[in-house]
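In case you want the letters, here they are:
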Amino acid sequence: MKVHPFQIPKPLHQNLIVQVDREMVFYDKLHQHAEIQLTLIVNAKGKLIVGDSIHPFEDGDFFVIGPHSPHLFKNDSTDEMAHRISLFFTETTFGESFFELPDLEELQPLFNVSKEGFQVLGDTKDIQNAMKQLPNLQKLERFICFFNLLKNLCYADKKTLTNFVSSKKMGSSQGERMQTIFDYVVTHFQNEINLDTVSSKVHMTPNAFCKFFKQHTNKTFFQFLIELRIEHACQLLNRGDDQNSILEISEQSGFSSISNFNRQFKKLKGVIPSRFAAQQKK
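About the thresholds
Residues numbered from 1 in each chain as written. Predicted model: local features only at pLDDT ≥ 70, side-chain atom pairs only at ≥ 80, totals over all residues. Heavy atoms only, no water. Pairing = 2+ DSSP bridges. Helix = DSSP H or I, 4+ residues; strand = E, 2+ residues; numbered from the N terminus. Axes fitted to C-alpha atoms, helices over the stretch in contact; angles between N-to-C directions. Contact = heavy atoms within 4.5 Å. Core = buried A, V, L, I, M, F, W, Y, C linked by side-chain atoms within 4.5 Å. Buried < 20%, exposed > 50% of the residue type's maximum accessible area, 1.4 Å probe, protein only. Patch = residues over 30% accessible without salt bridge, like charges linked within 9 Å, V, L, I, M, F, W, Y side chains within 5 Å. Areas by Shrake-Rupley, 256 points an atom, 1.4 Å probe, with all protein chains shown as cover. Salt bridge = Lys/Arg side-chain N within 4 Å of Asp/Glu carboxyl O. Lys, Arg positive; Asp, Glu negative; His and termini not counted. Charge placed at Lys NZ, Arg CZ, Asp CG, Glu CD. Phe/Tyr/Trp six-rings, centres within 6.5 Å; stacked < 30°, edge-to-face > 60°. Lys NZ or Arg CZ within 6 Å of the ring centre and 35° of its normal.

Caption draft 1: Seen up close, the sheet that holds strand β5 (residues 62–65). Read from one edge to the other, the open sheet built from six strands follows the order β1-β7-β2-β5-β8-β9, with strand pairing classed as antiparallel. Here the strands that pair on one side only, and so sit at the sheet edges, are β1 (17–23) and β9 (158–160). Each neighbouring strand pair of the sheet contributes to a mean axis angle of 20°, computed without reference to strand direction. Sheet analysis places β5 next to strand β8 (residues 118–120), joined by two bridges and oriented antiparallel. Residue pairing for β8: Phe63 is matched across the bridge by Gln119. Here helix α2 (residues 125–133) sits on the sheet in contact with β2 (36–43), β5, β7 (82–89) and β8, set at roughly 100° to β2. The strands touched by helix α3 (residues 139–155) within the sheet are β1, β2, β5, β7, β8 and β9, with β7 carrying the most contacts at an inclination of about 95°.

Printed below as a string of structure tokens:
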């Protein structure tokens with residue numbers, strides 16, 4: 001089942017939509033949909049862009065993407081097939097008032113926090129097992145597994161993905177522009193990017209582009225670019241490859257100045273890159 005931008009096709013006679021992706025490159029276009037998305041990364045490393053934020057992902061990570069939240073998973077290029085399992089549903093999947101039943105009031109906080117999206121922290125073994133079972137289960141078994149999964153998510157430790165939730169859905173023309181911008185940035189962030197070049201990709205003046213980008217992400221373009229570069233640097237530092245110096249990682253992440261890299265890294269992560277790298281080895 002191919003996921004198209006802005007719409008998740010619903011299989012006939014199925015309420016819960018389960019999708020298994022095994023491919024060299026995940027669907028990496030910016031898209032949004034009305035459904036809440038639960039995604040388990042089975043085998044892949046890369047970056048998740050959601051709303052106004054960038055988050056690294058690796059094997060075993062589990063994410064909940066809120067409804068109408070623009071996002072894309074950009075996996076690193078390797079010789080191995082990338083693998084993820086996703087489940088899509090809405091608060092009206094089983095009827096307009098189903099999740100408002102008194103017996104299900106325990107789930108309401110989960111729906112509230114899912115609007116911003118979150119990553120599950122700590123031990124995700126039970127959640128991983130449930131997600132891996134879903135594709136092979138029949139309807140009733142899938143229904144039961146789904147509610148066990150929601151129960152586990154209610155009490156799991158969570159990290160919010162984005163604090164910016166748009167008050168309205170993104171139209172197709174706006175979505176295409178944001179998609180073009182993100183496609184360009186995630187491909188070229190290691191190189192110098194200037195405002196004239198990126199604004200021309202969406203046929204806008206630099207001033208109009210800056211207003212458009214901030215309206216849809218709640219941050220400036222260069223704030224977003226710096227965060228993307230820092231998250232890439234974190235991934236390189238996490239690998240613990242001593243062959244790459246801080247200077248090399250700085251350059252590989254798109255920074256032309258080591259002092260600017262150190263300053264921006266500390267601003268976002270609270271420590272300088274060398275200290276961050278040392279913490280990852282403990």
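Having put the structure on the table, let's press on.
Caption draft 2: Looking closely at the nonpolar core. Ranked by size, the top nonpolar core spans 30 residues in total, and within it Leu38, Phe62, Leu87, Met131, Leu149, Leu150 and Leu153 carry the most contacts. Of all the secondary structure elements, the ones that give two or more residues to this core are β2, β5, β7, α1 (108–114), β8, α2 and α3. Here the element with the most residues in this core is α3; it accounts for seven residues. In terms of nonpolar packing, the next biggest core, distinct from the first, is built from 22 residues, Leu30, Ile181, Phe224 and Leu228 among them.

Caption draft 3: Quick peek at a negative patch on the surface. On the surface, Glu58, Asp59, Asp79 and Glu80 cluster together to form a negatively charged patch. In this structure, Asp79 sits in the loop between β6 (71–75) and β7.

Caption draft 4: Expanded view of the packing of aromatic side chains. Under the definition given, this model contains 26 aromatic pairs. Aromatic pair Phe57 and Phe73: ring centres 5.6 Å apart, planes at 65°, arrangement edge-to-face. In this pair, Phe57 is assigned in strand β4 (residues 53–57) and Phe73 in strand β6, connecting sequence segments 16 residues apart. Pair check on accessibility: Phe57 and Phe73 agree, each one buried. Aromatic side chains Phe99 and Phe111 sit 4.9 Å apart centroid to centroid with 65° between the ring planes, which places their arrangement in the edge-to-face category. Pair noted here: Phe99 is in the loop between β7 and α1 and Phe111 is in helix α1, with a separation of twelve residues, a long-range link. In terms of burial, Phe99 and Phe111 fall into one category: buried. Through pairs of rings, three or more aromatic residues link up here, namely Phe89, Phe94, Phe98, Phe99, Phe111, Phe143, Phe146 and Phe147. Between Lys158 and the ring centre of Phe118, over which it is positioned, the NZ or CZ distance is 5.5 Å. Above the face of the Phe212 ring, Arg177 is positioned so that its terminal group lies 5.9 Å from the ring centre.

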